[in-house]
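Each chain is listed here by its residues.
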Amino acid sequence: MFLKKLLSFIICSLFLGLFSWVYGESFSQVKPHEVSFQKILDLNNVQGELIVFGDSFLENGKLKKESALEIPQNIKIHKALFMWMGEGLEGEKSTYHIEFKTKEEKVFKILPQKTLKEKNTRFLHVHWADVTTIVKPSQKYQVRYFQFEKIPIPLDACGWALILITENKNSFQGRFQVFWGLQRLQPGELYNFTLQKSGATHDIIHSVAVIGGHGQKGNGSGNSLNGKTLSQGEDWDGSSGERWDADFSQVDFFGYKIDQGVIVTIDPLLQWIFPLGFALKTGERQ
């Protein structure tokens, strides 16, 4: 019996040794994919805060035509950017606009200032627009989405996010940046989004927002900032509606200085996800 156990131990050891010899070096050298997003907003010396809203256009696996948006009271809006993502079939009849409808039935048509598209097994499209002149404090809107063609079921990612930069005399002066893009992240990989490279400044990272689609609770996907997890749990969990995430984190307690750079790492773990945008506030420590 002893010899049999010893032989089994030797065989297992040899197998593990061979496995490590063949795969160990490549495993130890695995690095996240480096993914770049385009910067679409860069505001300096603004005394204010970053606020992010979001909602899915999906409900019970089906497309819904409207979702509610309520702007807080007692804020002064310095800048407002709206991002949205849809899915469908590419064609000449394609339209990508959004409408904001007030309770007084006034309708604002939101046309994309920029659009990105990806055609793989499905056709995904993402957009952004400056809505600073449209959204007002205390106002309630219905965000209306117009699907341009018949789409396959189930849907992958349909939703929106509103990024507000407000003015607030009680806040410290900071720099606000917004990035956007379209990237299909596959399970089992890591992805680095370098939002800012290292530089000579002592400002700290105050807050960060991560926006995107297809997140589903229970699949464990997470985000980290310069190597530290943002939520201590799942991030891509549909927290802003079905398969949609517009997650905001205040991170000044990390004490990360900008001269260390700003890298958001996304771990899809068990699911495909589609990042759409990032928003960032940096500035001097209070």
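Above: the structure in question.
Note that the structure is predicted; figures quoted are calculated from it, not measured. (Residues numbered from 1 in each chain as written. Predicted model: local features only at pLDDT ≥ 70, side-chain atom pairs only at ≥ 80, totals over all residues. Heavy atoms only, no water.)

A.B. asks: Just checking my understanding: could you explain the packing of aromatic side chains for this structure?
C.D. replies: As enumerated under the stated definition, the model contains ten aromatic pairs in all. With a centroid separation of 5.1 Å and 80° between ring planes, the pair formed by Phe82 and Phe100 is classed as edge-to-face. Pair noted here: Phe82 is in strand E6 (residues 76–88) and Phe100 is in strand E7 (residues 98–102), with a separation of 18 residues, a long-range link. A relative accessible area of 0% means that Phe82 is categorised as buried. Taking relative accessible area as the criterion, Phe100 reaches 0% and is therefore assigned buried. By the ring-pair criterion, three or more aromatic residues cluster together here, those being Phe82, Trp84, Phe100, Tyr141 and Trp160. (Phe/Tyr/Trp six-rings, centres within 6.5 Å; stacked < 30°, edge-to-face > 60°. Helix = DSSP H or I, 4+ residues; strand = E, 2+ residues; numbered from the N terminus. Buried < 20%, exposed > 50% of the residue type's maximum accessible area, 1.4 Å probe, protein only.)

A.B. asks: Explain the nonpolar core here, please?
C.D. replies: Within the largest apolar cluster, 27 residues are counted, with the highest numbers of intra-cluster contacts made by Met83, Met85, Ile163, Val178, Ile211 and Leu276. Of all elements in the fold, only strand E2 (38–56), E6, strand E10 (123–130), strand E12 (159–167), strand E13 (173–180), strand E15 (204–213), strand E18 (244–250) and strand E20 (274–283) reach the threshold of two or more residues within this core. Looking at this core element by element, the count peaks at six residues for E2. (Core = buried A, V, L, I, M, F, W, Y, C linked by side-chain atoms within 4.5 Å.)

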